[in-house]
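Structural features, examined
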Amino acid sequence: MKKSIAIIAAAVLAMGALTACGSQAEETTAAATEAATTAEAAETEAAEETEAETEAAAEELSGAVATDGSTSMESVIGILGESFMQLHPDVTFTYNPTGSGSGITAVQEGRCDIGLSSRALKDEEAASGLKGETVALDGIAIIVNNENPVADLSLEQIAQIYTGEITNWSEVGGNDEEIVLIGREAGSGTRDGFESITGTEDLCQYRQELTSTGDVITTVSQNPAAIGYASLASVSDDTKTLTVDGVEPTEDTVRDGSYKIQRPFVLVTKDGEALSAQAQAFYDYAMSSDVADLIAQAGAVAIH
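Just so you know, these numbers come straight off a predicted model, no measurement behind them. (Residues numbered from 1 in each chain as written. Predicted model: local features only at pLDDT ≥ 70, side-chain atom pairs only at ≥ 80, totals over all residues. Heavy atoms only, no water.)

Each helix and strand in the protein chain was counted, giving 10 helices and 12 strands. Within the protein chain, the proportion of its 304 residues that are buried is 41%. Sequence separation of at least 24 residues holds for 75% of the intrachain contacts in the protein chain that already meet a minimum separation of 6. As displayed, the protein chain has an accessible area near 15300 Å², and 50% of this comes from carbon and sulfur atoms. (Helix = DSSP H or I, 4+ residues; strand = E, 2+ residues; numbered from the N terminus. Buried < 20%, exposed > 50% of the residue type's maximum accessible area, 1.4 Å probe, protein only. Contact = heavy atoms within 4.5 Å. Areas by Shrake-Rupley, 256 points an atom, 1.4 Å probe, with all protein chains shown as cover.)

To continue, consider the nonpolar core. With 37 residues, the main nonpolar core has Ile-142, Tyr-162, Phe-194 and Ile-227 as its most contacted residues. Taken together, the elements giving at least two residues each to this core come down to strand E4 (130-144), helix H5 (155-162), strand E6 (180-184), helix H7 (213-221) and strand E8 (226-231). If one sorts the elements of this core by residue count, E4 sits on top with five residues. Dropping the residues within four chain positions of it, Ile-142 is found in contact with Ile-158, Phe-194, Ile-227, Gly-228, Tyr-229, Lys-240, Thr-241, Leu-242, Val-244, Tyr-259 and Ile-261. (Core = buried A, V, L, I, M, F, W, Y, C linked by side-chain atoms within 4.5 Å.)

It is worth spelling out the packing of H5 against helix H6 (residues 189-198) at this point. Here H5 crosses H6 at 115°, and the two axes come no closer than 10 Å. Put simply, H5 runs roughly perpendicular to H6. Where H5 crosses over H6, the handedness of that crossing is left-handed. On H6, the residues that touch Leu-155, Ile-158, Ala-159 and Tyr-162 of H5 are Phe-194, Ile-197 and Thr-198. Residues that form the contact of H5 with H6 fall into these classes: six nonpolar, one polar and no charged. (Axes fitted to C-alpha atoms, helices over the stretch in contact; angles between N-to-C directions. Parallel < 35°, antiparallel > 145°, perpendicular 65-115°, else oblique. Left-handed = near helix turned anticlockwise from the far one by under 90°. Nonpolar A, V, L, I, M, F, W, Y, C, P; charged D, E, K, R; others polar.)

Using the criterion set out here, one finds eight aromatic pairs in the structure. On the numbers, 5.9 Å between centres and 65° between planes, the contact of Tyr-162 with Tyr-206 is edge-to-face. With Tyr-162 in helix H5 and Tyr-206 in the loop between H6 and strand E7 (208-210), this residue pair connects regions lying 44 residues apart in the sequence. Relative accessible area serves as the criterion here: at 0%, Tyr-162 is assigned to the buried category. Plain terms: the ring middles of Phe-194 and Tyr-229 are 4.1 Å apart, the flat faces sit at 15° to each other, and that makes the pair stacked. Taken together, the positions of Phe-194 in helix H6 and Tyr-229 in strand E8 put the pair 35 residues apart, joining distant regions of the chain. Across this residue pair, the class does not change: Phe-194 and Tyr-229 are buried. Ring pairing ties together the aromatic residues Phe-84, Phe-93, Phe-282 and Tyr-285, which thus form one cluster. (Phe/Tyr/Trp six-rings, centres within 6.5 Å; stacked < 30°, edge-to-face > 60°.)

Our focus in this paragraph is the packing of helix H2 (residues 74-87) against helix H9 (residues 277-286). Taken N-terminus to C-terminus, the directions of H2 and H9 make an angle of 120°; their axes are 11 Å apart at the nearest point. If you check the angle between H2 and H9, you find them oblique. Seen along the crossing, H2 lies across H9 with a hand that is right-handed. Residue-level inspection shows Ile-77, Leu-80, Gly-81, Ser-83, Phe-84 and Leu-87 of H2 in contact with H9, the latter providing Gln-278, Ala-281, Phe-282, Tyr-285 and Ala-286. Considered class by class, the residues forming the contact of H2 with H9 number eight nonpolar, three polar and no charged.

As a further point, take the environment of Glu-251. With respect to the element layout, Glu-251 can be found in helix H8 (residues 251-255). The class of Glu-251 is partly exposed, set by a relative accessible area of 34%. Sequence separation between Glu-251 and Leu-137 is 114 residues, and the spatial gap between their C-alpha atoms is 8.8 Å. The residues contacting Glu-251, other than those within four sequence positions of it, are Ala-296 and Val-301.

Another aspect to go through is H5. Taken together, the buried positions of H5 are Ile-158, Ala-159, Gln-160, Ile-161 and Tyr-162. Positive phi appears at Gly-164, one or two residues downstream of H5, with a value of about 90°.

Inspection of helix H3 (residues 100-108) places Ser-100, Gly-103, Ile-104, Ala-106 and Val-107 among the buried residues, and these make up the whole buried set. Angular distribution of buried residues about the axis of H3 spans 155°; they occupy a single face of the element. Check the buried side of H3 and you find it contacts strand E1 (63-69), strand E3 (114-117), helix H4 (123-127), E4, H6 and strand E11 (262-270). Immediately downstream of H3, the backbone of Gly-110 shows phi near 75°, a positive value. (Arc of directions from axis to C-beta.)

Along the chain, Glu-82 falls in helix H2. The spatial distance from the C-alpha of Glu-82 to the C-alpha of Thr-94 is 9.6 Å, given a sequence separation of 12 residues.

As a further point, take unusual backbone geometry. Leave glycine aside and you will find that most residues have negative phi; peptide bonds, for their part, are mostly trans. Of note in this structure, Asp-202 is not a glycine but carries a positive phi near 65°. For Asp-202, the position within the fold is in the loop between H6 and E7. Backbone geometry places Asp-245, a non-glycine residue, at a positive phi of 55°.

So, in C-alpha cells, the structure goes:
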C-alpha cells in the first residue's frame, strides 16, 4: 500500500513538472512573438518617419537653381532638371544654353549657380577659383549628310580633312566633291574637345563656325558635301554618324575608351563658396548614382 502511494505521489510530481515546463515554454514563445512584433512595428515606424522627413525636406526646399553653359549638355541637363523639379515642386530650374566658355564666365561673374562645360577646366580657370566635377561622359560624333556613302574615317583622316590636307570626298572613298567643313565657334567645349583629341588646335579650315550643336546638325543635314562634329547625346537620324577607326560611338565604347573622340560633361562652381540649399540639392542629385538611367536616356554615359 505504501509502495502504491509512493508511485502515485511521484506521478503527481512529474505531471506538475511537465505542466510547469509547458507553461514556461508558452510564456517564452509569447514573449518572443511579442518582441518580434514590437521590433517589426519599430522598423515600420522608423521607415515611415524617414519617408515623412524626406517628404518634409522636399516640401521645404524652394527657390531657383540657375545653370548656364554647354549646348551639348542640353539633353542631359534638361532631363535632370525636369526630374529634380518633380521631386521638389517649389524649386524652379533654369538652363541657359550659351556654350561652355560663356557658362564658365557666368559662374565667375556670379550670374548663375552652376556652370556647364563640355570640357575639363583649363589650368588658368581652375587657378581663378573655379571647381569642375564630371557628371557624365560624352562621345563627339563625326557626322555627315545621309546621302554621303562614306561610313568610316580614321582619326588621322579626320585631322587631315579639317586641316585642309584632304579636300575632296573621293580621297576617302566618297563622291567626287569638295568637302565642306562645319564646326563650332571659338570657346565651345565641343570644339575644344574635338581639336585637342585630333591635334588640330588653331589649324582647322572651317567653312562655317556655328554657335550650337543643333545648328551644326541642321547644316550638315542640308548639305551633301558637309562634315561636322556634335555631341553623341544630341545626334539623330537627321545625319549619318561615322565610325572612327572602325569603332562606333556608343555608351559602351565611350565608357571603355575604345571610341577615342570623347570628353567630359562638367558641373562648374566656385571653389570654397557655398551654394544655396536648392542649388546644392540639385548638384548632389546630379552627381548621385540615382540618375544613371536618366543620363543614359539623354544619350550620355553615367560615371556613378
